[in-house]
Amino acid sequence: SSDVCSSDLMAIDPLSVLQSLQAMTETWATFLAVAGGLAFVRFSRSGPSLGGLATGVLFGLGALCRPPLLVWGALLLLIEAAVIAVATMKRAKYQVKTALPRAETAGNDGGPRDTSTSETPIAVGRASSGEEVRPALRLAGLGLIAAALLATLFPWGLRNQLVLGEFRVTTTHGGYTLLLANNPSLYRAMRGPGDPRDWLATSPDFVALLREADPEP
């Protein structure tokens, strides 16, 4: 299949193999995203637990590597909360329907109506033991995941507040990285007679551009 073929090509691609040996953020972010996603599927429906706590920590560490994972984790939490809300409303509707007086649900012969083909209760969530988990506990479990995620990000935000004067819970090199590959100094090197790969971020004109963008030392 196409997914197996793509994974096989990645496994033999020389650049991918070489980069996989380095502790780059892409490698760690991929690992943490997969681990966090698996943990979320395993523990998000079982109420507050150590597994849910670990899920939030994994999402937080992933967001420190790659900030978009923070959005991904938030979307998972919102979608799961919406699923709980919909399932709870359907369950409440079913309970109201089954609580009607017997006279209204009786058959034409006066006896009880056959309910063998009627709707069954909506399962809001089940723990690993198979026991049903109440919606309130499931929401509390999602809250624990969110709290663990934020607690994982907080120390980095506090560090940035003390060092940079701004409370930021994500990486701070995004603007520099964008400027590094999109600046007049690099463009001139590309248009010049020399090899553009010889261009360095320590070139005087690029350093002057950085000083202009951020005058503070």
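Since we're looking at a predicted model, the values are computed, not measured.

For this particular structure, what's the right way to read the environment of P184?
In this structure, P184 sits in helix α9 (residues 184-191). Note: C-alpha distance between P184 and F206 (22 residues apart in sequence) is 8.0 Å.

Would you mind showing me how to read the nonpolar core here?
Most often, soluble globular proteins keep nonpolar side chains buried together rather than apart. Judged by nonpolar contacts, F40, F59, A63, L77, I84, L142, I145, L149 and L153 together constitute the single largest core of nine residues. Of all the elements in the fold, those that place two or more residues in this core are α4 (50-65), α5 (68-98) and α7 (135-164). Element by element, the count of residues in this core is highest for α7, at four residues. For L77, the contacting residues outside a window of four places in its chain are F40, L142, I145 and A146.

Could you clarify how one ought to interpret the packing of aromatic side chains in this entry?
Given two aromatic rings, their pairing is described by the distance between the two centres and the angle made by the two planes. One pass over the full model with this rule turns up four aromatic pairs. Relative to F31, the ring of W28 lies with its centre 6.4 Å away and its plane at 80°, an arrangement referred to as edge-to-face. Here W28 pairs with F31, and both are found in helix α3 (residues 25-43), just three residues apart, close to one helical turn. Judged by centre distance (5.8 Å) and plane angle (50°), the ring pair of F154 and F167 falls under tilted. In this pair, F154 sits in helix α7 while F167 sits in the loop between α7 and α8 (174-180), placing the two residues 13 residues apart along the sequence. Its relative accessible area of 45% is what places F154 among the partly exposed residues. We classify F167 as partly exposed; its relative accessible area is 42%. Among the aromatic residues, those joined into a ring-pair cluster are F40, F59 and W72.

Sorry, what's going on with the side chain of N160 here?
Checked against the element boundaries, N160 lands in helix α7. Ignoring anything within four residues of it in the chain, the contact list for N160 reads G165, E166, R168, T170 and T172.

So, how was this worked out
- Residue numbers here run from 1 along each chain, matching the order of that chain's written sequence.
- Restriction of local features to residues with pLDDT of at least 70 applies here, the model being predicted, together with a cutoff of 80 or more for giving and counting side-chain atom pairs; totals for whole chains, interfaces and linings are based on all residues.
- Here the side-chain values reflect all heavy atoms present in the structure, with hydrogen atoms and water set aside.
- By definition, any uninterrupted DSSP run of H or I lasting at least four residues is a helix, any uninterrupted run of E lasting at least two residues is a strand, and each is numbered from the N terminus.
- In this text, buried Ala, Val, Leu, Ile, Met, Phe, Trp, Tyr and Cys residues form a nonpolar core when linked through side-chain atoms within 4.5 Å.
- To sort residues, take the accessible area from a 1.4 Å probe on protein chains only and compare it with the maximum for the residue type: under 20% means buried, over 50% means exposed, and anything in between is partly exposed.
- By definition in these notes, contact holds between two residues if any of their heavy atoms fall within 4.5 Å.
- When two rings of Phe, Tyr or Trp (its six-membered ring) have centres within 6.5 Å they constitute a pair, described as stacked for plane angles under 30 degrees, edge-to-face for angles over 60, and tilted for the intermediate range.

Function cannot be inferred from these measures alone, as they are strictly geometric.
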